[in-house]
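# Residue-level structure breakdown
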Amino acid sequence: MRLPPALRLIATAVLTFAAAAALWWLVGYQIGKGVLSDTGGLLAFRLAYGFEAQAFLELLALALVAPVVREVWSGSGPPPWLALAGVAAGAALAFGDRGGSASISIAFFVFAAAAAAESSGPAQLVSALAGALLAALAHAAALHVGTGERILVVGLRAVFCYGPLLVGPTFADRLLDRAKA
């Protein structure tokens, strides 16, 4: 059975969210918590990335933004930069941020999702990792931690949170295609 486009988008977002949430909170967050408990940056890390309602909703929203960007980008014609900027602005408004590091992070995430959508194979992984690093760096800029701790947080967020969110729609689509066959 073929899923209607809107239902497929939601299913892709749910699968992407589930994978990214599991990777982040079961692996990345635990590593960060373990390392930062010795350095004194644990409180700031927990407040920003712990399993709280705000962090949960941000991850859920980004899991929806990634497949939406993929659909916007895959449209015919010239690259839809204005539409992507609209998606980035709408996502930033949804987060309630007023121009801080989270808005910049969301903008990087949206354009990284477009880069991941237009590539495939190893190029997709490289573009997703590069975009994930930029988005994580922008988001971690507001953390009150030391430089070494910030580098750790950026790496963990890029690999275990933003990266899976960026490549997740591709894998979710493949999984949904196999399920319908």
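To be clear, the structure that these remarks concern was listed above.
This report concerns the structure included in the present document. Once a new chain begins, its residue numbering starts again from 1 and follows that chain's sequence as written. Selection of residues for local features in this predicted model requires a pLDDT of at least 70, selection of side-chain atom pairs for listing and counting requires 80 or more, and totals for whole chains, interfaces and linings are taken over all residues. The basis for every side-chain value is the complete set of non-hydrogen atoms in the structure, without hydrogens or water.

## Observations regarding the nonpolar core
- Core analysis: the biggest nonpolar cluster contains 47 residues, and Trp24, Leu59, Val69, Phe109, Val110 and Leu165 have the highest contact counts within it.
- Numbered from the N terminus, helices here are DSSP runs of H or I no shorter than four residues, and strands are runs of E no shorter than two. Listed by contribution, the elements that provide at least two residues to this core are α1 (5-39), α2 (42-49), α3 (53-73), α4 (81-95), α5 (101-118), α6 (122-140) and α7 (147-180).
- With 10 residues, α7 is the largest single contributor of residues to this core. Think of a nonpolar core as a cluster: buried Ala, Val, Leu, Ile, Met, Phe, Trp, Tyr and Cys residues, connected wherever their side-chain atoms sit within 4.5 Å. Think of it in three bands: residues with accessible area under 20% of the maximum for their type are buried, residues over 50% are exposed, and the middle band is partly exposed, with areas taken using a 1.4 Å probe on protein chains only.

## Description of the environment of Trp73
- For Trp73, the position within the fold is in helix α3.
- For the pair Trp73 and Arg2, spaced 71 residues apart in sequence, the C-alpha separation works out to 22 Å.

## Brief notes about the packing of aromatic side chains
- For Phe, Tyr and Trp, where Trp contributes only its six-membered ring, two rings pair if their centres lie within 6.5 Å, and the inter-plane angle classes them as stacked under 30 degrees, edge-to-face over 60, or tilted in between. Under the defined criterion, the tally for this structure stands at 10 aromatic pairs.
- Ring centres 5.9 Å apart and planes at 50° place the aromatic pair Phe109 and Tyr162 in the tilted group. With Phe109 in helix α5 and Tyr162 in helix α7, this pair connects stretches of sequence that are 53 residues apart.
- A relative accessible area of 2% means that Tyr162 is categorised as buried.
- Here the aromatic cluster, defined as three or more aromatic residues joined through ring pairs, consists of Phe17, Trp25, Phe51 and Phe56.
- Whether a charge lies above a ring is judged from NZ of Lys or CZ of Arg, which has to be within 6 Å of the ring centre and within 35 degrees of the ring normal. A cation over a ring is seen here: Arg157 above Trp24, with NZ or CZ 4.6 Å from the ring centre.
- Above the face of the Tyr162 ring, Arg157 is positioned so that its terminal group lies 5.3 Å from the ring centre.

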